[in-house]
Amino acid sequence: AQSVAQPEDQVNVAEGNPLTVKCTYSVSGNPYLFWYVQYPNRGLQFLLKYITGDNLVKGSYGFEAEFNKSQTSFHLKKPSALVSDSALYFCAVRVPYSGGGADGLTFGKGTHLIIQP
Amino acid sequence: AAGVIQSPRHLIKEKRETATLKCYPIPRHDTVYWYQQGPGQDPQFLISFYEKMQSDKGSIPDRFSAQQFSDYHSELNMSSLELGDSALYFCASSRKVAGGPIEKFFGPGTRLTVL
């Protein structure tokens, strides 16, 4: 079974500082990894994905994530945080062609990112 | 750009009633997914359809059923509603490609409240 862990319920960062939202995964096989952001009372918005290739993935709104196979991590990063980045962030994993389907994403519990002015 | 459309956006039902949620995927997307997000919870995958056939099944209760129609829209039917069914129900769509999965695009969700 695949699983995702987001160890921090909340991350507080001052505006202008770099931010990191942590994500680790557990799968049997090579993972497809995703980050989504959810604003209050809104749907999930896609930020970025890792499928294969370069371990550093760049996404929307200046976010990036680094795939680290040895540490089974896919941390989300941004060099300079904005107040408007404050939201709930979900890491998700999917294993390709797992036979039983695994068509849907498995999400982490989410991390509240709070950017303080 | 067109997005995933869900209707209704809000729905209030009483216990033991039925509810039908609708999802209209992005044009040319052939796969639809349903997720349930309880209060303060992460989204849980319920079920998915590809080309009108059930593709995968997650934690969907037996009281729920879903289907995808010829125009690719999908409906989630929920019967014998329970208080615990109160949640935000998301639909997502994507298009299968040979090289691997493209990202899923999520709709705004339907907030179901069971009284």
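Here the residue numbers are simple positions, counted from 1 along each chain's written sequence. The lettering of chains begins at A and the numbering of ligands begins at 1, in the order of writing. Local features in this predicted model are restricted to residues whose pLDDT is 70 or higher, and side-chain atom pairs enter the listing and the counts only when it is 80 or higher, whereas totals over whole chains, interfaces and linings include all residues. Excluding hydrogens and water, the side-chain figures rest on all heavy atoms present in the structure.

**Structural notes on the interface of chain A and chain B**
This is how it is decided: Whether two residues touch is decided by their heavy atoms; if any such pair falls within 4.5 Å, the residues are in contact. The working definition used for a salt bridge is a side-chain nitrogen of Lys or Arg within 4 Å of a carboxyl oxygen of Asp or Glu. Counting of polar contacts relies on pairs of N or O atoms within 3.5 Å, with two restrictions inside protein: one atom must be capable of donating a hydrogen and the other of accepting it, and residues adjacent in sequence are counted only when both atoms are side-chain atoms. Runs of E in the DSSP output that reach at least two residues are strands. Runs of H or I that reach at least four are helices, and both are numbered from the N terminus. Residue polarity is assigned by list, with Asp, Glu, Lys and Arg as charged and Ala, Val, Leu, Ile, Met, Phe, Trp, Tyr, Cys and Pro as nonpolar; anything else, Gly included, falls into the polar class.
At the junction of the two partners, chain A supplies 23 residues and chain B supplies 25 residues. In this structure, the salt-bridge partner of Lys109 of chain A is Asp42 of chain B, at a minimum N-O distance of 3.1 Å. On inspection of chain A and its partner chain B, the count reaches 4 residue pairs in polar contact (both at pLDDT 80 or more). Among the secondary structure elements, those contributing two or more residues to the side of chain A that touches chain B are β5 (32-38), β6 (44-50) and β10 (87-94) of chain A. Sort the elements by how many residues they give to the side of chain A that touches chain B and β5 of chain A lands first, with 4 residues. The class makeup of the residues in the side of chain A that touches chain B is 11 nonpolar, 7 polar and 5 charged.

**What to know about the pattern of salt bridges**
All names here are of chain B. To keep things clear, this is the line we draw: Partly exposed residues are those whose accessible area sits between 20% and 50% of the maximum for their type, while under 20% is buried and over 50% is exposed, using a 1.4 Å probe and protein chains only.
One pass over the full model with this rule turns up 7 salt bridges over all chains. We note a salt bridge from Lys52 to Glu51, for which the minimum N-O separation is 3.9 Å. Glu51 gets classed as partly exposed once you look at its relative accessible area, which sits at 31%. Among the charged side chains, a salt-bridge network with shared partners connects Arg63, Glu82 and Asp85.

**Some words on the layout of surface pockets**
Here is the rule we go by: Using a 1 Å grid laid over the protein atoms alone, points where a 1.4 Å probe fits but cannot get out form a cavity; open sets with protein on both sides within 12 Å along at least 5 of 7 lines form a pocket; any residue with an atom within 4 Å of a point counts as lining. Grid points are joined across faces, edges and corners, and a volume is the space filled by probe spheres set on the points.
Reported here for the largest pocket is a volume of approximately 360 Å³. Around the largest pocket, the lining is made up of 20 residues, and of these Gln38, Leu88 and His112 of chain A together with Gln37 and Gly40 of chain B lie nearest the centre. Looking at the lining of the largest pocket, the elements that each hand over two or more residues are β10 of chain A together with β9 (87-94) of chain B. For the lining of the largest pocket, the leading source of residues is β10 of chain A, giving 3 residues.

**Quick notes on the sheet that holds strand β3 (residues 19-24) of chain B**
The strands that make up a sheet are held in pairs by hydrogen bonds between backbone atoms, and each pair lies either parallel or antiparallel. Residues and elements named next belong to chain B. To keep things clear, this is the line we draw: We call two strands paired when DSSP finds no fewer than two bridges between them. What counts as an axis is a line fitted to C-alpha atoms, over the stretch in contact for a helix, and the angles between N-to-C directions run from 0 to 180 degrees.
Read from one edge to the other, the open sheet built from 4 strands follows the order β1-β3-β8-β7, with strand pairing classed as antiparallel. Only two strands of the sheet have a single neighbouring strand rather than two, namely β1 (5-7) and β7 (64-68). Strand-to-strand twist in this sheet, taken as the mean axis angle between neighbours without regard to direction, amounts to 15°. As defined by bridge partners, β7 adjoins strand β8 (residues 74-78) across 5 bridges and the pair is classed as antiparallel. Opposite Ala66, over in β8, you have Leu76 as the bridge partner.

**Topic: the side chain of Thr110 of chain B**
Residue and element names in this part refer to chain B. Take Thr110: it is sitting in strand β11 (residues 110-114). What makes Thr110 buried here is its relative accessible area of 0%. Excluding residues that lie within four positions of it along the chain, Thr110 makes contacts with Gln6, Ser7, Pro8, Arg9, Leu21, Ala87, Leu88 and Tyr89.

**Considering the confidence of the model for chain A**
Note the following rule: Per-residue confidence from the predictor is reported as pLDDT, a score between 0 and 100.
Residues at a pLDDT of 70 or more form 92% of chain A, whose mean pLDDT is 88. Of the regions scoring below 50 in pLDDT, residues 98-102 of chain A engages in 6 contacts with residues more than four places distant in sequence or in other chains.

**A short note on the state of the cysteines**
Quick note on the threshold: Two cysteine sulfurs form a disulfide in these notes if their separation is within 2.5 Å.
Taken as a whole and assessed by the stated rule, the structure comprises 2 disulfides over all chains. Between the sulfur of Cys23 of chain A and that of Cys91 of chain A lies a disulfide, 2.0 Å long from S to S. In this structure the cystine formed by Cys23 of chain A and Cys91 of chain A twists about its S-S bond by roughly -60°; its chirality is therefore left-handed. Of the two residues, Cys23 of chain A sits in the loop between β3 (19-21) and β4 (24-26) while Cys91 of chain A sits in strand β10, which places them 68 residues apart along the sequence. Residue classification places Cys91 of chain A among the buried positions, given a relative accessible area of 0%. There is a disulfide in this structure between Cys23 of chain B and Cys91 of chain B, and the S-S distance comes to 1.7 Å. Taking the torsion about the S-S bond as the criterion, the Cys23 of chain B to Cys91 of chain B disulfide, at about -55°, is left-handed. Residue Cys23 of chain B is found in strand β3, and its partner Cys91 of chain B is found in strand β9; the two are separated by 68 residues along the sequence.

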